[in-house]
Amino acid sequence: MPRPRTSSPPATAAQERLWFGENLRRERMRQGLTLEDLAERSGITWSYISHLERGMRNVGIDNMAALAAAGGRPLMELLAEPDLDDSAE
């Protein structure tokens, strides 16, 4: 689970984009969903989701909200800095 931000310096947009992608992938895999499954649930193409998970594309708030809802997670959790201790999941 992502950890809440404390007194660390503010994240850059690039860092948060990577965090979003890492958290999205971790949650998708935790639920046993394929890219195609998440694409069907969210109405967003699997190739775009793949690029987001790898931090290769910018994402708008509407798509972030759709992906969070499709994965059943609050959007703020997907934007939080990933907990490195959970990387083995």
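For the structure, see preceding data.
What counts and what doesn't
- Residues numbered from 1 in each chain as written.
- Predicted model: local features only at pLDDT ≥ 70, side-chain atom pairs only at ≥ 80, totals over all residues.
- Heavy atoms only, no water.
- Buried < 20%, exposed > 50% of the residue type's maximum accessible area, 1.4 Å probe, protein only.
- Helix = DSSP H or I, 4+ residues; strand = E, 2+ residues; numbered from the N terminus.
- Arc of directions from axis to C-beta.
- Contact = heavy atoms within 4.5 Å.
- Core = buried A, V, L, I, M, F, W, Y, C linked by side-chain atoms within 4.5 Å.
- Salt bridge = Lys/Arg side-chain N within 4 Å of Asp/Glu carboxyl O.

Q: Honestly, helix H2 (residues 35-42) in this entry has me stumped. Any pointers?
A: An α-helical segment advances 3.6 residues per turn. Residues three or four places apart therefore align on the same side. Residues of H2 that are buried: Leu35, Leu38, Ala39 and Ser42. End-on view of H2: buried residues confined to an arc of 105 degrees, all on one side of the axis. Packed against the buried residues of H2 are helix H1 (13-30), helix H3 (46-53) and helix H4 (61-71). One or two steps after H2, the chain reaches Gly43, where phi turns positive at roughly 80 degrees.

Q: Can you help me understand the environment of Ala14 in this one?
A: Checked against the element boundaries, Ala14 lands in helix H1. Residue Ala14 is classed as partly exposed on the basis of its relative accessible area, which comes to 37%. C-alpha of Ala14 to C-alpha of Asn58: the two residues are 44 residues apart in sequence and 8.8 Å apart in space.

Q: What am I meant to see in the nonpolar core here?
A: Most often, soluble globular proteins keep nonpolar side chains buried together rather than apart. Ranked by internal contacts, the top residues of the largest apolar core, which has 17 residues, are Phe20, Leu24, Ile49 and Leu67. It is H4 that contributes the most residues to this core, four residues altogether. Leaving out residues up to four positions away in the same chain, Leu67 has contacts with Phe20, Leu24, Leu38, Ser42, Ile44, Ile49 and Leu52.

Q: In this structure, what is going on with the side chain of Arg28? I would like to understand it.
A: Within the secondary structure layout, Arg28 lies in helix H1. Taking relative accessible area as the criterion, Arg28 reaches 12% and is therefore assigned buried. Not counting residues up to four positions away in its chain, the partners in contact with Arg28 are Leu33, Thr34, Leu35, Leu38 and Glu53.

Q: Would you mind showing me how to read the pattern of salt bridges here?
A: It is possible for side chains of opposite charge to pair when their charged atoms get near one another. The full count for this structure, using the stated rule, is five salt bridges. One salt bridge in this structure joins Arg25 and Glu53, with 3.3 Å as the shortest N-O distance. In this pair, Arg25 is assigned in helix H1 and Glu53 in helix H3, connecting sequence segments 28 residues apart. Close ionic contact of Glu27 with Arg30 constitutes a salt bridge, the shortest N to O distance being 2.6 Å. Placement of both Glu27 and Arg30 in helix H1 is noted, with a separation of three residues, approximately one turn of the helix. One network of salt bridges, with partners in common, ties together Glu27, Arg30, Arg73 and Glu77.

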